[in-house]
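Here's the letter readout for the chains.
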Amino acid sequence: MAAITASMVSELRGKTDAPMMECKKALTEADGDMAKAEEILRVKLGNKATKAATRIAAEGVVGLFLSADGKLGALVEVNSETDFVAKNDEFIALAKGCAELVATRNPADVAALSALPMGEGSVETTRTALVGKIGENMALRRFARMEGSGRLTSYVHGGSKIGVLVDVTGGDEQLGKDLAMHIAASKPKSLDASGVPAELLDTERRIAVEKAREAGKPEAMLEKIAEGTVQKYLKDVTLLGQVFVKAEDGKQTIEQLLKAKGASVAGFTLFVVGEGIEKKVDDFAAEVAAQAAAAAAKV
């Protein structure tokens, strides 16, 4: 049996917002496996235990480049320590410049992007100079490059905290804008079911079975209930399955919208600043108490 430490309980609570005792019980049941413990809490507490999956922690911006003909585009996420720096004009220019380099030079990875020429030096020397000038760390986190089979449409939201590129064939310009805004608002994981990782579906299926079993459903019904849950999940997380955010009847899916417009979507890219990054949250009261204790110790 793995030892369950206070730090493990605190980490799981930070991820799920579940009560401390529930976190400890879940970790004990999972023999210290953090991922399994989180899954156990989802079974017991439902979606309250998915807080960490949607919490946006790190600061920064999404830099965007889109060619005039809509055939080439790129998104780059550049992180900073504070939102104040994320609003700095030079920081924003760095992100946009990197996006243009990604589109036009097609680097293999972040290291290759950092080595490309920028200004009087490289992307890396430009970044380090800006770090020295502002006094705050910043990092190139990721990028995506798209070549449109149709026409690329872009959208940025929330002070460049969310960036979208979507490849649309057919329809009109307004359709492309509507789709890009929908993606930013609804945050689909993939275009259709084929793009959803099998492990995510397996997790949803297991959770559905356990919740149904705990609710006293007959064993013979569990698989059917689980399959229904998975299908609902796919509608929620796939672009084509989602209900269009501007649907007047509140029912029209993106797939139905595209069919009505004689259009199709080849793919999309969505960046949300800080997605998946945990940010240290300072406990001000604890910090003051620690400083007071340190001061008392010196007396």
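Residues numbered from 1 in each chain as written. Predicted model: local features only at pLDDT ≥ 70, side-chain atom pairs only at ≥ 80, totals over all residues. Heavy atoms only, no water.

A.B. asks: Just to check I follow, could you spell out the overall build of the protein chain for this structure?
C.D. replies: Each helix and strand counted, the protein chain has 13 helices and 8 strands in total. Across the 299 residues of the protein chain, 40% fall into the buried class. Contacts in the protein chain between residues far apart in sequence, at least 24 positions, make up 63% of those at least 6 positions apart. (Helix = DSSP H or I, 4+ residues; strand = E, 2+ residues; numbered from the N terminus. Buried < 20%, exposed > 50% of the residue type's maximum accessible area, 1.4 Å probe, protein only. Contact = heavy atoms within 4.5 Å.)

A.B. asks: Help me understand the sheet that holds strand S8 (residues 264-272) in this model?
C.D. replies: Whenever strands of a sheet pair, they do so through backbone hydrogen bonds, lying parallel or antiparallel. Pairing in this open sheet of 3 strands is antiparallel, and the strands run S6-S7-S8 from one edge to the other. Looking along the sheet, the strands with just one partner apiece sit at the ends: strand S6 (151-157) and S8. For this sheet the average axis-to-axis angle between neighbouring strands, irrespective of direction, equals 15 degrees. Direction of pairing for S6 relative to strand S7 (residues 162-169): antiparallel, over a ladder of 7 bridges. Bridged to His157 within S7 is Ile162. On top of the sheet, helix H9 (residues 173-186) reaches S6, S7 and S8; it is set at about 140 degrees to S7, its chief contact. (Pairing = 2+ DSSP bridges. Axes fitted to C-alpha atoms, helices over the stretch in contact; angles between N-to-C directions.)

A.B. asks: Would you mind going over the nonpolar core with me for this structure?
C.D. replies: Generally speaking, a soluble globular protein has its nonpolar side chains buried in company with each other. Counting residues in hydrophobic clusters, the biggest one holds 24 residues, and the most contacted among them are Val78, Phe91, Leu94, Cys98, Leu113, Val123 and Met138. Elements with a contribution of two residues or more to this core: strand S1 (59-66), strand S2 (72-80), helix H5 (83-86), helix H6 (89-105), helix H8 (123-134) and strand S5 (138-147). It is H6 that provides the largest number of residues to this core, a total of 8 residues. Core analysis: the second largest hydrophobic core is formed by 22 residues, Val164, Leu179, Ala247 and Leu270 among them. (Core = buried A, V, L, I, M, F, W, Y, C linked by side-chain atoms within 4.5 Å.)

A.B. asks: Before we go on, may I ask you to explain unusual backbone geometry in this structure?
C.D. replies: What you tend to see is this: most non-glycine residues have negative phi, and most peptide bonds are trans. Residue Ser160 is not a glycine yet carries a positive backbone phi of 65 degrees. Counting through the fold element by element, Ser160 comes out in the loop between S6 and S7. The exposure class assigned to Ser160 is partly exposed, which follows from its relative accessible area of 23%. A positive phi angle is found at Lys187, which is not glycine, with a value near 50 degrees. The topology assignment puts Lys187 in the loop between H9 and helix H10 (198-214).

A.B. asks: Help me understand the sheet that holds S2 in this model?
C.D. replies: Pairing is antiparallel in the open sheet, where 3 strands are placed in the order S1-S2-S5. At either end of the open sheet lies a strand with only one pairing partner, and these are S1 and S5. Across this sheet, the average inter-strand angle for adjacent strands is 15 degrees, counted without regard to direction. In this sheet, S5 lies alongside S2 in antiparallel orientation, the contact comprising 9 bridges. The residue bridging Leu72 from the neighbouring strand is Glu147, located in S5. Here H6 sits on the sheet and contacts S1, S2 and S5; the angle it forms with S2, its principal contact strand, is near 145 degrees.

A.B. asks: Explanation requested: the pattern of salt bridges in the structure shown.
C.D. replies: A pair can form between side chains of opposite charge whenever their charged atoms are brought close. A complete count under the given rule lists 17 salt bridges for this structure. For Glu124, the salt bridge goes to Arg127, with nearest N and O atoms at 2.8 Å. In this pair, Glu124 and Arg127 are both assigned in helix H8, 3 residues apart and thus about one turn of the helix distant. Accessibility expressed as a relative area gives 30% for Glu124, which makes it partly exposed. Take Arg127: its relative accessible area is 16%, and that puts it in the buried class. A salt bridge links Asp202 to Arg205; the shortest N-O distance between them is 3.6 Å. With Asp202 and Arg205 both in helix H10 and 3 residues apart, the pair spans about one turn of that helix. (Salt bridge = Lys/Arg side-chain N within 4 Å of Asp/Glu carboxyl O.)

So far we have only geometry, and geometry alone does not tell us how the molecule works.
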